[in-house]
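The lines below spell out each chain.
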Amino acid sequence: MKRFLEIFLICLLFVFVFCLGFLFSSSYKKIVVKEKKCPVIKEKNRKKEKTIDINEWIKIPTYEKSNETTHPKVLYFDEPVNGYKYWLVSTPYPYNTAFYENPSIVVSNDGIHFKEPEGIKNPISGYPSKYWDESYYSDPYMLYDKDHFELFYRKTLSKLNNEYKKSGYNYIYMKTSNDGINWSKEKLVLGYSPSEAYMSLSVIKENDLYKIWYVNYDNKVKYVTSKDLINYSKPIDINVANFDKKIWHGEVQFINNKYICVFMIKYKLYYTESNDGINFNTPKLINTELNELNGISHNIYKSSFIINDDSIELYIPYRVYDENKKRHIWKMRYVKMSKDKFYNSL
């Protein structure tokens, strides 16, 4: 009997504890900590910065210290290449001395203040001869293809095989560089041809096909293509609608699926476009007149341009008479304006 009573009490205690636990758990309110959602800050669409008009002289340093240069070709990169957004090649031309007309490179990050990049040895082309013998370099054009620069420039001779023909023997050479500072040896890419002057070369590389434009002494603009810079298509004349003036120099770029050409006659600057790079529409005059040069002898020369999403930049060389030096000097004009303003001014 005593054993039975002990078992009964143990069972009763168990039931009591169980019921007490049940009552406690049912009265307990479970606390749930809800994760707070952090507010998502959506970046507002940034307003495009208003393009500030700039129209001023800029200094382009040259290897022979004259700071007089002409025939620019400028490249612009959204992300700096080897530390710089602007890479400009041009040819010094003090006193219009062709012996110094050798392609040289300077760089900038604002398009206005240029300097030689550290380690570069200008002129990139070297000199055409040890002493002046009527041979000279000129008319550089530079492009950037994937991961390297390609520089093209013209060499002109007046003597060949003891035959003299002033500026009559013309060639195009090329150099390449991975960093814009250290350049390969020059390579001949267009050899002498009696009918070709190869002035003011422009080169566009599309899917490993080189598209090349140049001007001859008869003021006709020629167009050729090549995959290897050894074998070329037959030169053809480009057409400029409703224009019968003599084209002297120019620059062609491929932008937004259009071929854009800024070219000059003696001495005015024009803008034109093409869908195929061969047939260009009616050109429109670019105003290059400067009030400060009224009454002063001057002219412009081959110019370079950059077209961005909302602005256009122009690099225009002027040959201006300097009263203090009693001679003409070369100066570089930098012009920046909104695209709307530029196109409305044409």
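Higher on the page you've got the structure.
Thresholds, definitions, all that
Residues numbered from 1 in each chain as written. Predicted model: local features only at pLDDT ≥ 70, side-chain atom pairs only at ≥ 80, totals over all residues. Heavy atoms only, no water. Buried < 20%, exposed > 50% of the residue type's maximum accessible area, 1.4 Å probe, protein only. Helix = DSSP H or I, 4+ residues; strand = E, 2+ residues; numbered from the N terminus. Pairing = 2+ DSSP bridges. Salt bridge = Lys/Arg side-chain N within 4 Å of Asp/Glu carboxyl O.

Asks: Describe the pairing of strand E20 (residues 304–307), and please don't skip the residues or the numbers.
Replies: Residue alternation in E20 divides its side chains into two sets, Ser304 and Ile306 and Phe305 and Ile307, and both sets are buried. The sheet contact formed by E20 and strand E21 (residues 311–322) spans four bridges and is antiparallel. Of the residues in E21, the one forming a bridge with serine 304 is tyrosine 315. Taken together, E20 and the strand that follows it, E21, pair antiparallel across an intervening segment of three residues.

Asks: Now, about the environment of isoleucine 278: what can you tell me, with residues and values included?
Replies: Of note, isoleucine 278 is situated in the loop between strand E16 (268–274) and strand E17 (279–280). Along the sequence, isoleucine 278 and tyrosine 223 sit 55 residues apart, while their C-alpha atoms lie 7.4 Å from each other.

Asks: Help me get a handle on the pattern of salt bridges, residues and values and all.
Replies: Scanning the model with the defined rule gives twelve salt bridges in all. Residue aspartate 237 pairs with lysine 222 through a salt bridge whose shortest N-O separation is 2.6 Å. Residue aspartate 237 is found in strand E12 (residues 236–237), and its partner lysine 222 is found in strand E11 (residues 221–226); the two are separated by 15 residues along the sequence. By relative accessible area, which is 33% here, aspartate 237 ends up partly exposed. With a shortest N-O distance of 3.4 Å, arginine 333 and glutamate 292 are connected by a salt bridge. With a gap of 41 residues between them, arginine 333 in strand E22 (residues 327–338) and glutamate 292 in the loop between strand E18 (284–286) and strand E19 (298–300) connect regions that are remote in the sequence.

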